[in-house]
Amino acid sequence: MTGRPEADPQPNALTPAWPERAAWGTATSLRAWQTAAMRQYFDTQPRDFLAVATPGAGKTTFALSVAAELLGRRIVDRVTIVAPTEHLKLQWAEAAARAGVPIDPTYAAGKGRTSQDYVGIAVTYAGVAVNPLAMRIRTERFKTLVILDEVHHAGDALSWGEGVREAFEPATRRLALTGTPFRSDVNPIPFVTYAPGDDGVPRSAADFTYGYAHALADHVVRPVLFLAYSGEMQWRTRAGDEIAARLGEPLTKDLTNQALRTALDPGGSWMPAVLAAADKRLSEVRRHVPDAGGLVIASDQDSARAYAKLLKGISGESATVVLSDEKLASKRISEFTSNDKRWMVAVRMVSEGVDVPRLAVGVYATTTSTPLFFAQAVGRFVRARNRGETASVFLPSVPHLLGHASEMEVERDHVLGRRVTDEDDIFAAENELLAQANAGEAASDDLLASWEALGSEARFDRVLYDGGEFGHSGEVHVGSEEEMDFLGIPGLLEPGQMRELLQHRQSERARKQQASRVEQAADSLAEVSTHEQLAVLRRELNGLVAAWHHRTGQAHGITHAALRKECGGPAAAVATAEQLHARIDRIREWALRKTS
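Trainee: Account for the packing of helix α1 (residues 32-44) against helix α2 (residues 59-72), naming residues and giving values.
Mentor: One can describe the packing of α1 onto α2 by two numbers: an axis separation of 10 Å at closest approach and a directional angle of 35°. Between α1 and α2 lies a crossing of right-handed hand. Residue-level contacts link Trp-33, Gln-34, Ala-37, Met-38, Tyr-41 and Phe-42 of α1 to Lys-59, Thr-61, Phe-62, Ser-65, Val-66, Glu-69 and Leu-70 of α2. Its residues assigned to classes, the contact of α1 with α2 shows eight nonpolar, three polar and two charged.

Trainee: Any details on the side chain of Thr-144? Residues and values, ideally.
Mentor: Mapped onto the elements, Thr-144 comes out in strand β5 (residues 144-148). A distance of 3.1 Å separates the side chain of Thr-144 from the backbone oxygen of Phe-142, its partner in a polar contact. Ignoring any residue separated from it by four or fewer positions in sequence, one finds Thr-144 in contact with Val-76, Arg-78, Thr-80, Arg-138, Thr-139, Ala-171, Thr-172 and Arg-173.

Trainee: Would you mind going over the side chain of Thr-390 in detail, with residue names and values included?
Mentor: With respect to the helices and strands, Thr-390 occurs in the loop between α12 (371-378) and β16 (391-396). In this view, Thr-390 contacts Arg-222, Pro-223, Leu-225, Ala-360, Gly-491, Leu-493 and Met-498; residues no more than four positions away in its chain are not counted.

Trainee: Kindly report on the pattern of salt bridges, identifying the contributing residues and their values.
Mentor: Applying the stated criterion across every chain yields a total of 19 salt bridges. A salt bridge links Asp-279 to Arg-342; the nearest nitrogen and oxygen atoms lie 2.9 Å apart. Linking Asp-279 in helix α9 (residues 270-288) with Arg-342 in the loop between α11 (329-338) and β14 (343-346), this pair joins segments that are 63 residues apart in sequence. On the basis of relative accessibility, which here comes to 8%, the residue Asp-279 falls in the buried class. Shared partners join several salt bridges into a network, and the residues in it are Arg-222, Asp-291, Arg-385 and Glu-389.

Trainee: For helix α13 (residues 399-406), give the residues involved together with the corresponding values.
Mentor: Inspection of α13 places Leu-401, Leu-402, His-404 and Ala-405 among the buried residues, and these make up the whole buried set. With its buried residues spanning 155° around the axis, α13 presents them on a single face. Its buried side turned inward, α13 meets β10 (224-237), β15 (359-365), α12, β16 and β18 (459-465).

Trainee: Describe the environment of Phe-62, listing the residues and the values that go with them.
Mentor: Within the secondary structure layout, Phe-62 lies in helix α2. Judged by its relative accessible area of 0%, Phe-62 is buried. Once the C-alpha coordinates of Phe-62 and Arg-31 are considered, the two residues, 31 residues apart in sequence, prove to be 9.0 Å apart. Once residues within four sequence positions are removed from consideration, Phe-62 is found in contact with Trp-33, Gln-34, Ala-37, Met-38, Phe-49, Ala-51, Leu-175 and Leu-177.

Trainee: Break down the nonpolar core for me, citing the residues and quoting the values.
Mentor: Ranked by size, the top nonpolar core spans 122 residues in total, and within it Phe-62, Trp-270 and Phe-394 carry the most contacts. Among the elements that make up this core, the one with the highest residue count is α9 (nine residues). Sequence-distant contacts of Phe-394, defined by excluding residues within four places in its chain, comprise Leu-227, Tyr-229, Val-274, Ala-277, Ala-278, Arg-281, Val-361, Gly-362, Val-363, Tyr-364 and Leu-487. If you look at the next biggest cluster of nonpolar residues, it comprises 21 residues, including Met-135, Val-146, Ala-176 and Tyr-194.

Trainee: Mind laying out the packing of aromatic side chains, listing which residues take part and the relevant values?
Mentor: Throughout the structure, instances matching the rule amount to 13 aromatic pairs. Between Trp-33 and Phe-62, the aromatic rings sit 5.7 Å apart at their centres with planes inclined by 45°, giving tilted as the arrangement. Note that Trp-33 is positioned in helix α1 and Phe-62 in helix α2, a separation of 29 residues in sequence. Note on Trp-33: relative accessible area 4%, which makes it buried. Consider the rings of Trp-548 and Trp-590, whose centres lie 5.7 Å apart with planes at 50°: the pair is tilted.

Trainee: Got a sec to walk through α11? Specific residues and values, please.
Mentor: Ala-329, Ser-330, Ile-333 and Phe-336 are the residues of α11 that are buried. Looking straight down α11, one finds its buried side chains confined to an arc of 125°; they lie on one side. Summarising the geometry of α11, the exposed residues directed more than 90 degrees from the buried face are Lys-331 and Ser-338.

Trainee: Now, about the packing of helix α5 (residues 132-141) against helix α6 (residues 158-168): what can you tell me, with residues and values included?
Mentor: Where α5 meets α6, the closest approach of the two axes is 7 Å, and the angle between their N-to-C directions is 25°. When the interaxial angle is binned, α5 and α6 end up roughly parallel. The way α5 lies across α6 gives a crossing that is right-handed. Contacts between α5 and α6 involve Pro-132, Leu-133, Met-135, Arg-136 and Thr-139 on the former and, on the latter, Gly-163, Glu-166, Ala-167 and Phe-168.

Trainee: Explain unusual backbone geometry to me, and be specific about the residues and the numbers.
Mentor: The backbone of Gln-45 sits at a positive phi, close to 50°, despite the residue not being glycine. Looking at the element boundaries, Gln-45 is found in the loop between α1 and β1 (48-53). Positive phi values are uncommon outside glycine, yet Glu-150 reaches one of about 50°. Looking at where Glu-150 falls in the secondary structure, it is placed in the loop between β5 and α6.

Trainee: Explain the sheet that holds β5 to me, and be specific about the residues and the numbers.
Mentor: Strand order in this open sheet of seven strands is β3-β4-β2-β5-β6-β1-β9, and the pairing throughout is parallel. Here the strands that pair on one side only, and so sit at the sheet edges, are β3 (103-104) and β9 (208-210). Of the pairings in the sheet, the one linking β1 to β9 comprises three bridges and is parallel in character. Directly across from Ala-51, in β9, lies its bridge partner Phe-208. The strands touched by α1 within the sheet are β1, β6 (173-178) and β9, with β9 carrying the most contacts at an inclination of about 175°. Each of β2 (78-83), β5 and β6 touches α6; the most contacted strand, β5, lies at about 165° to it.

Trainee: Describe the pairing of β15, and please don't skip the residues or the numbers.
Mentor: In terms of burial, β15 is largely enclosed, as seven of its seven residues are buried. Relative to β16, β15 is paired through three bridges, and the arrangement is parallel. Pairing of Val-363 across the sheet is with Phe-394, part of β16. Between the parallel elements β15 and β16, the chain passes through α12 in a crossover that is right-handed.

Quick notes on the rules
- Residues numbered from 1 in each chain as written.
- Predicted model: local features only at pLDDT ≥ 70, side-chain atom pairs only at ≥ 80, totals over all residues.
- Heavy atoms only, no water.
- Axes fitted to C-alpha atoms, helices over the stretch in contact; angles between N-to-C directions.
- Helix = DSSP H or I, 4+ residues; strand = E, 2+ residues; numbered from the N terminus.
- Left-handed = near helix turned anticlockwise from the far one by under 90°.
- Contact = heavy atoms within 4.5 Å.
- Nonpolar A, V, L, I, M, F, W, Y, C, P; charged D, E, K, R; others polar.
- Polar contact = N/O pair within 3.5 Å; in protein donor to acceptor, adjacent residues only side chain to side chain.
- Salt bridge = Lys/Arg side-chain N within 4 Å of Asp/Glu carboxyl O.
- Buried < 20%, exposed > 50% of the residue type's maximum accessible area, 1.4 Å probe, protein only.
- Arc of directions from axis to C-beta.
- Core = buried A, V, L, I, M, F, W, Y, C linked by side-chain atoms within 4.5 Å.
- Phe/Tyr/Trp six-rings, centres within 6.5 Å; stacked < 30°, edge-to-face > 60°.
- Parallel < 35°, antiparallel > 145°, perpendicular 65-115°, else oblique.
- Pairing = 2+ DSSP bridges.
- Right-handed = clockwise from strand over helix to strand, strands pointing away.

So, in structure tokens, the structure goes:
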């Protein structure tokens, strides 16, 4: 590096941010968790600090408040912010400017000097890996605070981790941030502390953690209403076989993937129906939140453009399309953030970190389904602005996606050396799928060669909220009044009000179904002999027991034994019609209690 050292910031250009207020322009005041984290930070004065906070909780405000305070106290002279993407560099620089900490987002390693107007720079992890030595020289020249945003990216590639370690080892202070689950691999993330767990396996140890459940209780983030859609899918394999299957039913991994791709095909009926339902939901939300926006997360660029065309026909308004390899992508996101347009469709740019607070309705229309990517995607919708706001995310009724939705409150640590024994393991290595998503992936050649969508039909399946399931088990046509019972939920409801409303509608639905089944059963059984009646009842009971097994994992025999214990009578093979009726009613009661 050449040239004279950069000028020190003027003391009157910076105002200590803590504890009276947050960094200028980032919030009106520090939230309770930010105040607690700040107090812990300045009480302990650590060189390295890892803060894990759920997306939307305000990690940027916390980090800039720490930076302003350290600069104000003259503990550091410079700030270096490392972000995953080019767009996030710009976002950090804009937030820092409002906080009175001018940051240069155009800096490149080896560039040397920056304008004396700046007190710091923003770079990407990839940029650091290109020339870590130049970054190290800069770090050595000044008392530097390094902010590592979404620090798990330092483990995305070996060169990234090595580059971060080499470049920032001399830093005066290092503040690491993350809001998404760490992946499992054998590479330690630089400057993160690891401690053995009960099983002896080293796990990351956060200095401060603020999870989704805590943030939800504090009204810092929105609760999420997941609306799942199933339906019948038809496709043709490479061998010419035509396959029909119901989305969400137990299938092999390959068949599940092909059924999901069939559903997401813009040329079928499933995506137009789900997009229309999502647009109805957005209209309902906008009754109470006029600038609420929607986001469709697509698998590839062709699908994104096709979804935007469908939305134009549905809503009558053009959608903003954001593609990862376009130069105007960041500008389009910024424009959408500040206007009141209804829809944005994106492949990758909004998967992590991008802050669009008005996003309230999402459509998860991508085949990328790892826990990490799902958490990143849902994180785009949870930032709370006012009390009573609820995020609504539409997704295919696929088992692993429903599982991710049910585990929103699960917090995971980065685990070192954990052996992956199951490809569906929640800690399974995710590099390949995440890399595809972050590159604006297209469908794999193998799957495209072995699959051709023939048709699809959408059915409303269920709602997942607050750990419970509510809905119709795939029995309801889109556009029906029963679907509108859920799409028409008011846009502003407190979590308790939302739960009560869902339970009421679930109970009403169950009551109507029970009355209808009793009437139908009476009519049908009156027309058959006693032998046929018993056979029908046994089949119905066995079907319900199988469904219970699929839902809970409990063995069929154990379920039958539990029903006999509660209802009395012999084995189903020799039970009377009255005894079988009692067991059928009882297992339906179990299902209703578990759902509600």
